[in-house]
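# Observations on the three-dimensional arrangement
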Amino acid sequence: MAAIVKQWLKTELDALVNVQVSIVTHEPDLIVHTWNGVKVNIYLLNQPMKAGRMRRLLHDATIIGTGTVFIVSAHLLPKDNTRVMLDEWLQAVHTLTGERIYGYQLGKDGPELIQVHFEPVNGVNAWEVQYGPSVHIARMRFYRLSTKLRAIKGDWLIADFDNACFWKDNDYRTHREQMVRDRRRSGQTTWQQWSGFETWKNSYNGGINPPGAMKTHLDACYEALGLKSDADREMVKAAFRRLAREVHPDVSDLPKDEAEARFKVLTDAYEYIKAAQNWH
């Protein structure tokens, strides 16, 4: 999944007005060069990172004038509307990115960035998890941050995507309070995730689009293999192998350019399905 997210993120970043070029590397995962001479290291974390190592990366980047941003795999993040005790490394990432964590995941329409805020609960050593809308990458922001959090205490050069603090938005807070009251009245144990004004406004007006009303990128990948979206792992593997043998440029009767194009479509679809379904 990380490889797919890297390429998608590179495309998104290269389209920004203030970005000259972004480069996919091994570590960091991406290096972004802006037109004003700033360089930013982006790390995609698919496993917890010790706060000590995080601090060393920040230190090494800051002393050469480079910013840093950490983006966390969604499977490492706690679920929305829960109360949790935060690990030290999650607290560190939350502090470094303006009281939020950027997370990455494969959604139904392709890779996406989410944002998660942890609100301290008064009187107890716990945090309430609040999910905001998906991140629209408008520009890279670069600045110096001073933090007193013991694990990463210091002055660091940081980068982010300059998104508004969704948890301070009045519409969001009003909606969330309403959801809490509804949950308590109904005795439900989970809360609905807020994902933007139109989503929750329409839900109260009965205007939610029916499931499956729009074809997703994942659906299209299954179709490319001649399958329905409920096909299991073995069916997907068998379909890919059968079709790949037919259009592989080394054996196909098709013109080489067409065979290469069709083989790439099949390969991209197969890899995307595996990543989306977490099939290794």
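See the structure above.
## Focus: the nonpolar core
Counting 41 residues, the largest nonpolar core has Leu9, Leu13, Ile42, Ile71, Phe161, Leu225 and Val236 as its most contacted members. Residues contacting Leu225, with those up to four places away along its chain left out, are Val236, Ala239, Phe240, Leu243, Leu266, Tyr270 and Ile273. Leu45, Phe70, Leu90 and Tyr131 belong to the second-largest nonpolar core, a separate cluster that totals 29 residues.

## Thoughts on unusual backbone geometry
Leaving glycine aside, a negative phi is the common case for residues, and trans is the common case for peptide bonds. Residues Glu27 and Pro28 are joined by a peptide bond in cis, for which omega reads 0°. Along the chain, Pro28 falls in the loop between β1 (19–24) and β2 (30–34). Unusually for a residue other than glycine, Asn81 sits at a positive phi of about 60°. Looking at where Asn81 falls in the secondary structure, it is placed in the loop between β4 (66–73) and β5 (83–84). Of note in the backbone geometry, Asp162 takes a positive phi value of approximately 55° without being a glycine. Along the chain, the position of Asp162 falls in the loop between β10 (154–160) and α4 (170–186).

## Let's talk about helix α7 (residues 233–247)
Given a rise of 1.5 Å per residue, 15 residues ought to cover 21 Å, and the 21 Å separating the end C-alpha atoms of α7 matches this to within 8%. Residues of α7 that are buried: Val236, Ala239, Phe240, Leu243, Ala244 and Val247. Each buried residue of α7 lies within a common arc of 125° when the element is viewed along its axis, so the set occupies one face. Turned more than 90 degrees away from the buried face of α7, the exposed residues are Glu234 and Arg245. Looking at the buried side of α7, the elements it contacts are α6 (217–224) and α8 (256–276). The N-cap of α7, judged by a side-chain oxygen 3.3 Å from the amide nitrogen of Glu234 a few residues on, is Asp232.

## Structural notes on the side chain of Thr62
Mapped onto the fold, Thr62 is located in helix α2 (residues 51–62). Among the residues examined, Thr62 registers a relative accessible area of 13% and is labelled buried. A distance of 2.8 Å separates a polar side-chain atom of Thr62 from the backbone oxygen of Leu58. If we ignore the near neighbours within four places in the chain, the residues touching Thr62 are Arg144, Asp155, Trp156 and Leu157.

## What to know about the environment of Thr147
One can find Thr147 in strand β9 (residues 141–147). Distance in space between the C-alpha atoms of Thr147 and Ala92 is 9.4 Å, their sequence separation being 55 residues. In this structure Thr147 touches Thr95, Ile152, Lys153, Gly154 and Trp156, once residues within four positions along its chain are discounted. There is a polar contact of 3.2 Å between the side chain of Thr147 and the backbone nitrogen of Leu149.

## A closer look at the packing of α6 against α8
It is at 9 Å that the axes of α6 and α8 come closest, and there the two elements cross at 130°. If you check the angle between α6 and α8, you find them oblique. Handedness of the α6/α8 crossing: left-handed. Residues His217, Leu218, Cys221, Tyr222 and Ala224 of α6 touch α8, and the partners they reach there are Val265, Leu266, Ala269, Tyr272, Ile273 and Ala276. Here the residues of the contact of α6 with α8 sort into 10 nonpolar, 1 polar and no charged.

Calculation criteria
- Residues numbered from 1 in each chain as written.
- Predicted model: local features only at pLDDT ≥ 70, side-chain atom pairs only at ≥ 80, totals over all residues.
- Heavy atoms only, no water.
- Core = buried A, V, L, I, M, F, W, Y, C linked by side-chain atoms within 4.5 Å.
- Buried < 20%, exposed > 50% of the residue type's maximum accessible area, 1.4 Å probe, protein only.
- Contact = heavy atoms within 4.5 Å.
- Helix = DSSP H or I, 4+ residues; strand = E, 2+ residues; numbered from the N terminus.
- Expected span 1.5 Å × (residues − 1).
- Arc of directions from axis to C-beta.
- Polar contact = N/O pair within 3.5 Å; in protein donor to acceptor, adjacent residues only side chain to side chain.
- Axes fitted to C-alpha atoms, helices over the stretch in contact; angles between N-to-C directions.
- Parallel < 35°, antiparallel > 145°, perpendicular 65-115°, else oblique.
- Left-handed = near helix turned anticlockwise from the far one by under 90°.
- Nonpolar A, V, L, I, M, F, W, Y, C, P; charged D, E, K, R; others polar.

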